[in-house]
Amino acid sequence: MTKNLNSNSQPLSSALTPTRRVATPSFEFYSSFSEEEVLGIIQAIEVRREIPLKYSYKGRGAKIWDNFYLKYIIPRWYRSSNVEIDLLRDNFEYLNGNLQKCQKVNIVDVGAGNSYPVKAFIQRLNKLGKVNKYIALDISEELLDLSRKNFGKWFPIIEFESYRIDIETSCLPKTSSKDQADIETDDIAKIILHLGVTIGNHQNRLEVLKNFKNSMGQHDLLVLTNETGSNAQWDGRVRGGFNYHAEQIYTWIKNNIGIRSEDCELVRKYDLKTDSMVANMKILHDYTVNFSFRGIDKTIEIADGEEITIWRHHKHELPELRQELEQAGLQLVHYSTNKYSSHFMAICQVASN
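Notes on the structure in this doc start here. Because the structure is predicted, anything quoted here is derived from the model rather than measured.

Reading the values: the criteria
Residues numbered from 1 in each chain as written. Predicted model: local features only at pLDDT ≥ 70, side-chain atom pairs only at ≥ 80, totals over all residues. Heavy atoms only, no water. Helix = DSSP H or I, 4+ residues; strand = E, 2+ residues; numbered from the N terminus. Buried < 20%, exposed > 50% of the residue type's maximum accessible area, 1.4 Å probe, protein only. Areas by Shrake-Rupley, 256 points an atom, 1.4 Å probe, with all protein chains shown as cover. Axes fitted to C-alpha atoms, helices over the stretch in contact; angles between N-to-C directions. Parallel < 35°, antiparallel > 145°, perpendicular 65-115°, else oblique. Left-handed = near helix turned anticlockwise from the far one by under 90°. Contact = heavy atoms within 4.5 Å. Nonpolar A, V, L, I, M, F, W, Y, C, P; charged D, E, K, R; others polar. Phe/Tyr/Trp six-rings, centres within 6.5 Å; stacked < 30°, edge-to-face > 60°. Lys NZ or Arg CZ within 6 Å of the ring centre and 35° of its normal.

1. Here's the deal with the overall build of the protein chain
Consideration 1: Within the protein chain one finds 12 helices and 13 strands.
Consideration 2: Looking at the protein chain as a whole, 48% of its 353 residues qualify as buried.
Consideration 3: Accessible surface computed for the protein chain: about 17900 Å², of which carbon and sulfur atoms make up 48%.

Here you go:
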């Protein structure tokens, strides 16, 4: 007698074959990026399993960053002030003293964000009549709009300019022909600020430093901040951007790439290959991600257990910092740390040789 099979039953070979899940990026994902940026994200995922952190400041990511940074502006009982603001204050005399040969200065804020870290610094320079203009540069149009709004409220008389650039792939934009004439007659120098420990977030730090060097004149100064110490000696504690910012980026990416929450998890760890702290999205199921946007038609397969880096940070120890600066053609002329020696400010010029 023939045995009746349950209508829901499947052949054994089919039942044992895992189902590959499909992710389709959302409209919000595509609306946050240009076609070139979408292609950059696709290539980064495909080649090195990474969604570069720089893209997290676009779209809704700008608001995520602004909310995160404002937490560190407001004094708390356990944190009396902001590291960036303190380091600019403590190094003001050095920076101002090295500008005595110049009548005016352009403040070029690379990765300007909401511009809060530079507010007090510019106030002091402006009282001395030194500020010619403030130039905000960022990869995010949304953050540039926020910078413009904030700066206009604080300094309505100082000239404001903004440009969208990716410092990993571009030098600083050329100023207007009028400014070039001013530099010759009025001797206007640039103070280029790259704050927010952003130098430690770049995938290719040396290329960034070379782009800065190639944008600098003889009297220009480059000001960097970063965390100090050995990356490999992470104590396992999740704090600062490694905590809140990485968590917010993870939530945005999984929702907008289209990967289910139950199919991924956030993993924070030290990565030996890049000598950096990383936050990775670990995929817990075989996935196919279908990118379809303005003529782009690309499919990427990600296997169960693979990890995609979404946040990275590299700390610097002084010998390594000097080496990277020298390789880029820059010279460290001043170095100081905050009172806890957890963060540093490095002031650089184009190397004399």
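What follows continues from the structure just given.
2. Considerations on the packing of helix H4 (residues 60-71) against helix H11 (residues 244-257)
Consideration 1: For the pair H4 and H11, the least separation of the axes is 10 Å and the interaxial angle reads 165°. Put simply, H4 runs roughly antiparallel to H11. Here H4 runs over H11; the crossing is right-handed. Along the contact surface, H4 presents Arg60, Ile64, Trp65, Asn67, Phe68 and Lys71, while H11 presents Tyr244, His245, Gln248 and Trp252.
Consideration 2: Considering only residue class, the contact of H4 with H11 consists of 5 nonpolar, 3 polar and 2 charged.

3. Details of the packing of aromatic side chains
Consideration 1: Inspection of the entire model under this criterion finds 20 aromatic pairs.
Consideration 2: An angle of 70° between the planes, with centres 5.5 Å apart, marks the rings of Trp234 and Phe242 as edge-to-face.
Consideration 3: The class for Trp234 is partly exposed, based on a relative accessible area of 29%.
Consideration 4: Residue Phe242 is classed as buried on the basis of its relative accessible area, which comes to 6%.
Consideration 5: Pairwise contacts between aromatic rings join Phe29, Tyr30, Phe33, Tyr55, Trp252, Phe291 and Phe293 into one cluster.
Consideration 6: If you follow Arg124 out to its NZ or CZ, it ends over the ring of Phe92, 4.0 Å from the centre.

None of the figures reported here should be taken as evidence of function without further support.
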